[in-house]
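Coordinate analysis (summary)
Letter by letter, the chains look like this.
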Amino acid sequence: MKSDRVFGLVAVLVALAYIASALQIQTSFLSDPVGSKTFPILIASAAIICGVVMIFKPDVEPDWPELNVLASLVFSVIILVGYAYALKPIGFLVPTAIVASVLSYQISPKPKFAVLAGCGLSVGLFIVFKYALGLSLVAFPKALMG
Amino acid sequence: MDILANLALGFDIALSPYTFLLAVIGCFLGTIIGALPGLGPSNGVAILIPITFTLGLDAVAALVLLTSVYYGAMYGGRISSILLNIPGDEPAMMTTLDGFPMAKNGRAGDALVISGVASFVGALLATLGLMLLAPLLARVAYLFGPAEYFALYLLAFSTLGGIASSNQAKAALASCAGLGIAMIGLDNTTGMPRFTGGNMHLMDGVDFLVAIVGLFAVSEVFVFIESHGKNSAVGIKLGKVTIPYREIWSTRWTMLRSSVVGFIAGVLPGAGASLGSFLTYMMEKSIAGNKGGFGTGVAKGVAAPEAGNNAAAGGALVPMLTLGVPGSGTTAVLLAVLMTLNITPGPTLFADRPDVVWGLIASLLIANFVLLAMNVPMVKVFVRILSVPPALLLPGVTMISFVGIYSLSGSYFDLVLMIAFGVMGYVFRKLDIPTVPVILGILLGNQMEDNLRRAMVLSDGDWTFLFSSAIANGLWIAAVLGFVAPLFLRRFLKKPELSED
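**Quick look at the nonpolar core**
The nonpolar side chains of soluble globular proteins are, as a tendency, buried together. Among the nonpolar cores identified, the biggest contains 207 residues, and Phe92(A), Tyr70(B), Ile79(B) and Phe421(B) are the most heavily contacted of them. For this core, the element with the highest residue contribution is helix H5 (residues 93-141) of chain B, accounting for 19 residues. Viewed by domain, this core spans two of them, domain 1 (2-56) and domain 2 (67-145) of chain A, each represented by three or more residues. Every residue in contact with Phe92(A), bar those within four places of it in the chain, is listed here: Tyr83(A), Leu87(A), Ser122(A), Leu125(A), Phe126(A), Leu137(A), Val138(A), Ala139(A) and Val403(B). Met94(B), Phe278(B), Tyr281(B) and Phe294(B) belong to the second-largest nonpolar core, a separate cluster that totals six residues.

Set out below in structure tokens:
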């Protein structure tokens, strides 16, 4: 109940912000009867109706994960973002092994298996991507490769 | 005799060793993807897209590979439904109802063979239907102007929201989210930036591949982290596989009926394979009556949904190819591939690029026979793959998604955006908001707006132009009905729950 109401409210607010932003769109000398603002405003208006319906007619509450599971989900998002930024400077092998191990451990908490899965995936995928598919991946940091 | 000449052209392309090899690889990968719980046709095809680009495949080759994966995944979905009582993908859900009881009765092999043959019948008939219906529909599509296209897009969103989801407001909100995201970037008509917030990366708009991989593949990892891979219960061992000829023959009418109904469900824009398997199962159940024993493990109970969902998979290709409006989540992903390859689906595709259309159709005909061979005599190979633990599979899928998207654009921004879409997909799934309309919105948003604006330019701003032709009016009526009717029908048609064990 509550989740749907909160989400509906968020949707309405986002849609209002979207309309406000649409009104700021610069117009140009090339114009047509509809213009660049109408369609986005139409969409946002439809979204507001949907949001209001969700506030007044919410579904049953979903099973939200417990706090510690939620924490591990947040942690996995952080580590994935970190991975996105690490891929280029540090190379493919090390970040992939670490991230894959962590994800594997989070899915099923068996440390030995997780480390093996991480390292195996890292090396295996590197070989597939680099040699079978011909992607230009860098294995290690450039500084180390000389 | 146009069709025969066209087919000859198609087979000429499909039987070239390279294309044939791609079709076989696609079938094999597809069956694996379908069989693994957590990987369905739409996210399976989604993570393969970047790889097809890096392989440098041309349009025909890429389409043959990915549609073979699509067909293969539809076949493969039944394997985990029957053996684990977990649908390998959403359309295979109905197969668990009779498939798993059959397996518990020690007839896992029979269930796999019967459903494999049913998949073959459904997919083959649907491919033939595609061959006959698509050129006709393409001819009708020439009559479509901007007003008609605008109404057609609306129809796709409304049927997708009306039929495929349990809450209209949520589905419509998802469509709005997708359409809203599509507006980001440069305005097609005026060339002015919209909703970019001054960010250079957003000038080009949000790449739909990033959204697709994020929503379908990355969000899956979060779902599995939450459930700790608990859904991977060890299922039933498979004994010797024999072919129960008599039982297959006894389901012949079921298969034929289900194929026809499934195909029609697939052709409806937005309805897709889940509806096909649902409708066919309910239809056969009511035809058989109480004596039919549906739900206790009968052959017809596995034949009907499998013929239905595979026929719907073929049917969903019809509106995608002829009108550029996908009939399901996976065809939306395929449409994204076509658009990235600079091929515009629609009536002109049949005239300008017959090699793409007929090469695809011929490849699908061949792929069906390959899939029958893989899914009946060789089914044991795929059963073994089910024992891959999710703790290995899902990190692998994530890494492939990252490398795939990274290889396309080489920017951090897209990777972070992909993670954001993954989080969005997870939250949406928790709240029971469908994610397919988001994809459809991102894919079709700009065209929908362009068609609206073009229509208004033609009519000099007169809004009644949108209702000026019979086709447009028919589409508007269908759109309203498609959105509203399920509200009333829902009382009578309830989705059955997964059988408890």
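So much for the structure itself; the text now carries on.
**A closer look at the packing of helix H3 (residues 41-54) of chain B against helix H14 (residues 329-340) of chain B**
Residues and elements named next belong to chain B. At a closest axis distance of 8 Å, the pairing of H3 and H14 adopts a crossing angle of 15°. Put simply, H3 runs roughly parallel to H14. In the crossing of H3 with H14, the sense of the turn from one axis to the other is right-handed. Listed contacts from H14 to Pro41, Ser42, Val45, Ala46, Ile49 and Phe53 of H3 are Gly329, Thr330, Val333, Leu334, Val337 and Thr340. For the contact of H3 with H14, the class distribution of residues is eight nonpolar, four polar and no charged.

**Observations regarding the layout of surface pockets**
Any space left empty among the atoms is revealed by the rolling of a water-sized probe across them. Approximately 890 Å³ is the volume found for the second largest pocket. Taken together, 31 residues make up the lining of the second largest pocket; nearest its centre are Ala46(A), Cys50(A), Ala172(B), Cys176(B) and Phe483(B). Secondary structure elements with two or more residues in the lining of the second largest pocket: helix H2 (38-56) of chain A together with helix H6 (146-163), helix H7 (168-182) and helix H21 (470-489) of chain B. Take the lining of the second largest pocket: its biggest share by element is eight residues, from H2(A). For the lining of the second largest pocket, the class distribution of residues is 22 nonpolar, six polar and three charged.

**Describing the domain arrangement of chain A**
Split by domain assignment, chain A resolves into domain 1 (2-56) and domain 2 (67-145). Spacing between the C-alpha centres of domain 1 of chain A and domain 2 of chain A amounts to 39 Å.

**Some remarks on the packing of aromatic side chains**
Within the structure shown, the criterion is met by 14 aromatic pairs over all chains. Ring plane angle 65° and centroid distance 5.0 Å describe the contact between Tyr83(A) and Phe402(B), whose orientation is recorded as edge-to-face. Taken together, the residues Tyr83(A) in helix H3 (residues 67-90) and Phe402(B) in helix H18 (residues 390-409) connect one chain to another. Each of the two residues, Tyr83(A) as well as Phe402(B), counts as buried. On the numbers, 5.2 Å between centres and 70° between planes, the contact of Phe120(B) with Phe369(B) is edge-to-face. Taken together, the residues Phe120(B) in helix H5 and Phe369(B) in helix H16 (residues 354-375) connect sequence positions 249 residues apart. Residue classification places Phe369(B) among the partly exposed positions, given a relative accessible area of 49%.

Definitions and limits used
- Residues numbered from 1 in each chain as written.
- Chains lettered and ligands numbered in written order.
- Predicted model: local features only at pLDDT ≥ 70, side-chain atom pairs only at ≥ 80, totals over all residues.
- Heavy atoms only, no water.
- Core = buried A, V, L, I, M, F, W, Y, C linked by side-chain atoms within 4.5 Å.
- Buried < 20%, exposed > 50% of the residue type's maximum accessible area, 1.4 Å probe, protein only.
- Helix = DSSP H or I, 4+ residues; strand = E, 2+ residues; numbered from the N terminus.
- Domains from an automatic or database assignment.
- Contact = heavy atoms within 4.5 Å.
- Axes fitted to C-alpha atoms, helices over the stretch in contact; angles between N-to-C directions.
- Parallel < 35°, antiparallel > 145°, perpendicular 65-115°, else oblique.
- Left-handed = near helix turned anticlockwise from the far one by under 90°.
- Nonpolar A, V, L, I, M, F, W, Y, C, P; charged D, E, K, R; others polar.
- 1 Å grid on protein atoms, 1.4 Å probe; cavity = no way out; pocket = protein on both sides within 12 Å on 5 of 7 lines; lining within 4 Å.
- Points joined across faces, edges and corners; volume = space filled by probe spheres on them.
- Phe/Tyr/Trp six-rings, centres within 6.5 Å; stacked < 30°, edge-to-face > 60°.

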